[in-house]
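So you can see what is in the structure, the chains are spelled out below.
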Amino acid sequence: MSAFTGSASATASVPGAGADLLAALLDGMDAALCAFDADGTVTHWNREAERILGWSAAEAVGRRGFEGWAARSADAEETLRRLMGAMSGPGRQVHELALLRKDGGRVLVRSQAAGVRGADGSPAGVYCAFSEVHVQLDLERSVALSEALFEDASWGVVLVDADLRPAMVNGHAARAFGTGRTALLGRPLGDVVVHGAEELEAALQHVLAEGTPPAPAEVWVTLRTSTGERRRCWRSGFLLLSSPMAEEPVPLGVAWLFQDVTEERLAAREADRLRFRWSQLHRAGAAAAECEDPAEAAAVLLDFALAGFADHALVDRVAGERRLTRALATPAGAPGPASPVVGGGIPLRYGPRHPALQAWDRVGTVRASAGRTAEVWAEAHQWPADAAHAVCVTLRSRGRTLGVVTFLRAACRRPFEREDVVFAEAVASRVASALDLGERTDAVQEAPGRSA
């Protein structure tokens with residue numbers, strides 16, 4: 001019972017060094033704390049309790065309950081009864097209490113009270129820790145937010161320590177990385193990020209040095225997973241974490257939050273690409289309409305189509321049964337405009353499985369890629385040495401096949417895909433119309449009775 005004997009200070013009942021230690025412990029607590037003996041008399045009152053209510057330990061210790069000072073008369077007995085009920089009840093009891101500050105203002109506090117037993121096991125009193133309700137709610141919200149982020153969040157959350165290694169990973173982030181939540185802990189990001197780890201680490205280092213950036217950033221990464229490599233775009237936000245316990249901010253690491261926006265970015269990129277291509281095709285049509293020579297119009301159409309689409313373009317004209325001759329071509333070396341091929345009447349030595357001949361046979365479109373032996377492949381097909389991907393489209397006009405147009409890409413670019421085929425066929429239909437017009441014009445000029 002000595003610890004609950006009334007005194008003029010917070011720790012007057014504990015003699016010697018023990019009193020100093022207990023006073024230091026109580027006054028160093030972040031929560032307000034008071035204690036009552038079995039009769040309801042205040043025996044302990046720390047500095048946080050004084051800060052919240054304004055009553056000093058000298059003014060509080062020795063009073064019975066809160067009547068006449070820290071609670072209204074109408075509430076005082078009920079408040080004390082609820083607190084003292086913890087002396088005989090199990091565990092801790094949580095209450096919300098309306099107390100009075102020394103200046104007369106009211107404050108709502110949330111308390112946790114628990115009973116204290118004497119040496120013989122009999123009830124000896126109650127200790128009560130309390131804080132302002134809004135402070136407690138802020139704490140509970142912070143804890144709830146942390147738990148929600150690491151359990152239910154629909155975006156990835158990774159806490160990175162000062163050494164740039166993950167310290168905590170939520171479920172969404174683990175699925176994005178293609179690993180378990182614990183598999184990433186303590187490992188360098190480069191273990192799972194094949195490309196883009198340097199950019200991520202640079203961003204994290206910047207946050208540690210300069211603080212939280214003002215806006216999210218989008219980072220492209222290539223991940224190493226059990227099913228192969230995956231290219232993803234993550235919209236990322238970074239928050240500097242500092243210890244609230246230190247007098248000066250001490251960086252604890254960085255909170256990295258991200259969402260996968262790969263599909264959005266790819267869709268936006270594809271929309272921009274299509275918008276540019278069809279704008280080019282519209283401009284090509286307008287430019288070709290001003291050409292007096294149909295062959296020149298065909299070359300103009302190819303020049304406009306090549307921008308951002310392919311590196312080379314070739315036009316082969318039909319010259320007999322499974323024979324093609326080169327009519328138009330872009331330079332094999334440096335980029336340049338399409339132009340007629342001198343001596344184009346000599347048939348090309350295409351093999352029977354050449355993609356251009358296959359397109360002619362099928363009256364359709366054929367795509368092909370070189371694989372690892374790009375130079376040998378290009379030479380065998382009589383294409384420029386840097387060609388690694390091809391799409392061959394038949395030139396059709398008035399129900400006839402006039403030839404084949406071939407678009408070529410270098411190895412550094414991706415193969416032709418379905419949307420590329422649609423554009424190539426649109427260009428081919430316009431080129432075929434120009435070439436057909438040229439044939440008809442030549443036929444008219446050569447007809448008997450016609451002037452040159």
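A brief report on the enclosed structure follows. (Residues numbered from 1 in each chain as written. Predicted model: local features only at pLDDT ≥ 70, side-chain atom pairs only at ≥ 80, totals over all residues. Heavy atoms only, no water.)

1. Details of the sheet that holds strand S17 (residues 400-410)
Part 1: Read from one edge to the other, the open sheet built from six strands follows the order S14-S13-S12-S17-S16-S15, with strand pairing classed as antiparallel. Across the chains shown, the open sheet's two edge strands, defined by having one partner strand only, are strand S14 (339-340) and strand S15 (365-369).
Part 2: As paired elements, strand S13 (residues 324-329) and S14 share two bridges and run antiparallel to each other. Among the inter-strand pairings, Ala-329 is bridged to a residue of S14, identified as Ser-339. (Pairing = 2+ DSSP bridges. Helix = DSSP H or I, 4+ residues; strand = E, 2+ residues; numbered from the N terminus.)

2. Quick word on the packing of helix H8 (residues 262-288) against helix H9 (residues 294-306)
Think of two packed helices as two axes; the pair is described by the angle between the axes and how far apart they sit.
Part 1: Packing of H8 against H9 brings their axes to within 9 Å, and their N-to-C directions diverge by 160°. Of the possible angle classes, the one that applies to H8 and H9 is roughly antiparallel. Two packed elements cross with a definite hand, and for H8 against H9 that hand is right-handed. Mapping the contact onto sequence places Gln-280, Arg-283, Ala-284, Gly-285, Ala-287 and Ala-288 in H8 and Ala-297, Val-300, Leu-301 and Phe-304 in H9.
Part 2: Split into classes, the residues belonging to the contact of H8 with H9 amount to seven nonpolar, two polar and one charged. (Axes fitted to C-alpha atoms, helices over the stretch in contact; angles between N-to-C directions. Parallel < 35°, antiparallel > 145°, perpendicular 65-115°, else oblique. Left-handed = near helix turned anticlockwise from the far one by under 90°. Contact = heavy atoms within 4.5 Å. Nonpolar A, V, L, I, M, F, W, Y, C, P; charged D, E, K, R; others polar.)

3. Let's talk about the pattern of salt bridges
Part 1: Overall, the coordinates contain 26 salt bridges when judged by the stated rule.
Part 2: Its salt-bridge partner being Glu-96, residue Arg-110 comes within 2.6 Å of it at the nearest N-O pair. With Arg-110 in strand S4 (residues 106-117) and Glu-96 in strand S3 (residues 93-100), this pair connects stretches of sequence that are 14 residues apart.
Part 3: Of the residues examined, Glu-96 reaches a relative accessible area of 37% and is grouped as partly exposed.
Part 4: Here the salt bridges share partners, and the residues they tie into one network are Arg-277, Arg-409, Arg-414, Glu-417 and Asp-420. (Salt bridge = Lys/Arg side-chain N within 4 Å of Asp/Glu carboxyl O. Buried < 20%, exposed > 50% of the residue type's maximum accessible area, 1.4 Å probe, protein only.)

4. A look at the nonpolar core
Proteins that are soluble and globular tend to have nonpolar side chains buried together.
Part 1: Leu-302, Leu-395, Val-405, Phe-407, Val-427 and Val-431 are the most contacted members of the largest nonpolar core, which has 35 residues in total.
Part 2: Counting residues per element, this core draws most heavily on helix H12 (residues 418-446), at 10 residues.
Part 3: Sequence-distant contacts of Val-431, defined by excluding residues within four places in its chain, comprise Ala-298, Leu-301, Leu-302 and Leu-395.
Part 4: Among the nonpolar cores identified, the runner-up in size contains 30 residues, and Ala-32, Ala-57, Ala-60 and Phe-66 belong to it. (Core = buried A, V, L, I, M, F, W, Y, C linked by side-chain atoms within 4.5 Å.)

5. Quick look at unusual backbone geometry
Part 1: For Arg-322, which is not glycine, the phi dihedral falls at a positive 50°.
Part 2: For Arg-322, the location among the structural elements is in the loop between strand S12 (312-318) and S13.
Part 3: Using a relative accessible area of 33% as the deciding quantity, one classes Arg-322 as partly exposed.
Part 4: Here the phi dihedral of Val-363 falls at roughly 50°; this positive angle occurs in a residue that is not glycine.
Part 5: Among the structural elements, Val-363 can be located in the loop between helix H10 (355-362) and S15.

6. Section: the side chain of Gln-358
Part 1: Tracing the sequence through the fold places Gln-358 in helix H10.
Part 2: With relative accessibility at 16%, the residue Gln-358 sits in the buried group.
Part 3: Of the polar contacts made by the side chain of Gln-358, one reaches the backbone oxygen of Arg-353; its length is 2.6 Å.
Part 4: The contacts of Gln-358, once residues within four sequence positions are left out, are Arg-353 and Val-366. (Polar contact = N/O pair within 3.5 Å; in protein donor to acceptor, adjacent residues only side chain to side chain.)

7. Details of the pairing of strand S16 (residues 387-397)
Part 1: With 10 of its 11 residues buried, S16 lies for the most part within the structure.
Part 2: As defined by bridge partners, S15 adjoins S16 across five bridges and the pair is classed as antiparallel. Counterpart to Ala-368 in the pairing with S16 is Ala-390.
Part 3: The pairing of S16 with S17 spans 10 bridges and is classified as antiparallel. Paired with Arg-396 across the two strands is Thr-401, which belongs to S17.
Part 4: What sits between S16 and S17 in their antiparallel hairpin is a turn of two residues, with Arg-398 showing a positive phi close to 50°.

8. Quick look at the sheet that holds strand S9 (residues 217-225)
Part 1: Across the sheet, which stays open at both edges, the six strands sit in the order S7-S6-S11-S10-S9-S8 with antiparallel pairing between neighbours. Edge positions in the sheet fall to strand S7 (166-169) and strand S8 (193-195), since each of these pairs with one other strand and no more. Put simply, the sheet's adjacent strands are angled 40° from each other on average, direction ignored.
Part 2: As paired elements, strand S10 (residues 228-242) and strand S11 (residues 251-260) share nine bridges and run antiparallel to each other. Residue pairing for S11: Ser-236 is matched across the bridge by Phe-258.

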